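# Notes for the structure review
One-letter residues, chain by chain:
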Amino acid sequence: MADAIRLSSSLIHSLRFPSPSLLTTFHLASNSPHSSLVPISQNLDKIIPIAPARLACTPRKPSLSFKVRATVSETEQPKWWERNSGPNMIDIHSTQEFLDALSQAGDRLVIVEFYGTWCASCRALFPKLCRTAQEHPDITFLKVNFDENKPMCKSLNVKVLPYFHFYRGADGQLESFSCSLAKFQKIKDAIEMHNTARCSIGPPRGVGDLKLEPVSAPKMD
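Residues numbered from 1 in each chain as written. Predicted model: local features only at pLDDT ≥ 70, side-chain atom pairs only at ≥ 80, totals over all residues. Heavy atoms only, no water.

## Side note on the overall build of the chain
Looking only at helices and strands, the chain features 6 helices and 7 strands. Starting at the N terminus, the α and β elements of the chain follow one another as α-β-α-β-β-α-β-α-β-α-β-β-α. Contacts in the chain between residues far apart in sequence, at least 24 positions, make up 75% of those at least 6 positions apart. (Helix = DSSP H or I, 4+ residues; strand = E, 2+ residues; numbered from the N terminus. Contact = heavy atoms within 4.5 Å.)

## Quick word on the sheet that holds strand β5 (residues 140–145)
The strand order across the open sheet formed by 5 strands is β3-β5-β4-β6-β7, and the pairing between neighbours is mixed. The open sheet terminates on both sides in strands that have one partner only, identified here as β3 (89–92) and β7 (172–178). The average undirected angle you get between the axes of adjacent strands in this sheet is 20°. (Pairing = 2+ DSSP bridges. Axes fitted to C-alpha atoms, helices over the stretch in contact; angles between N-to-C directions.)

## Some words on the pairing of strand β4 (residues 109–115)
For β4, the tally of buried residues reaches 7 of 7 residues, placing the bulk of the element in the interior. Side chains of β4 alternate between two faces, with L109, I111, E113 and Y115 and V110, V112 and F114 buried alike. Bridging between β4 and strand β6 (residues 163–168) involves 6 bridges; their strand directions are antiparallel. Looking at β6, one finds that I111 is bridged to F166. In this structure, β4 lies alongside β5, joined through 6 bridges in parallel fashion. For V110, the partnering residue across the bridge sits in β5 and is T140. (Buried < 20%, exposed > 50% of the residue type's maximum accessible area, 1.4 Å probe, protein only.)

## Thoughts on the nonpolar core
In this structure, F98, V112, F114, L142, F164, F166 and I187 are the most contacted members of the largest nonpolar core, which totals 40 residues. For this core, the elements supplying multiple residues, two or more each, are β3, α3 (95–104), β4, α4 (120–135), β5, α5 (150–155), β6 and α6 (185–194). Once you skip the residues sitting within four places of it in the chain, F164 turns out to touch I111, V112, E113, L125, L129, E175, S176, F177, C179 and I187. (Core = buried A, V, L, I, M, F, W, Y, C linked by side-chain atoms within 4.5 Å.)

## A few points about the confidence of the model for the chain
Looking at the chain, the pLDDT average stands at 74 and 56% of residues meet or exceed 70. A low-confidence stretch, residues 21–33 (pLDDT under 50), is modelled with 23 contacts involving residues beyond four sequence positions or located in other chains. Ignoring residues within four places in sequence, the model shows residues 35–42, a span with pLDDT below 50, making 27 contacts including any to other chains. (pLDDT = per-residue confidence, 0-100.)

## Some details on unusual backbone geometry
In the segment running from L161 into P162, the intervening peptide bond is cis, with an omega of -5°. Relative to the helices and strands, P162 resides in the loop between α5 and β6. At N157, a position not held by glycine, the phi torsion is positive, near 60°. Along the chain, the position of N157 falls in the loop between α5 and β6.

Okay, here's the thing in structure tokens:
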């Protein structure tokens, strides 16, 4: 009786061997289209055939995925010229507001900055001006947008930006000059000079006798 038994590879995987040594007694014939195993005859009775294991394909439950979208309320950041350092920095939108602010300041020193939203020098200087306003809460800072107040700025002879006016009570206008970030010391020196303790005699002069006449727009042909 021939001891050679030809077994297919699928059957090999369905057999259970009691010991690893039994598996080594098989010889794989590689030249055959099917896997050929030749066991030693004395070990044939130890082979325990078992039915091929059935693979249970359990359908996978779809996992619930939640996409949490964090809604960030993006508050619109103010433009650089809209940022104020405190209650002593005031935006001026008209000639009347300008005159009222000078009148209400009383004997306090008033620093007026004439600026343009498109002016790079104005933008570079502005953060330092805000810090100066915080350091001097006793001084009133007025911000005048040149484009919004062209008639008033031209009447006040503002020809370059940034430009500064200093006012104080009955003394009226004390000083005016242009200034950049590199020359900011001029503003500090002017503050030290004009912000001294004193009492004015008489009502605030504001801009004095200067009449702020509106500048007529050029006629179109």
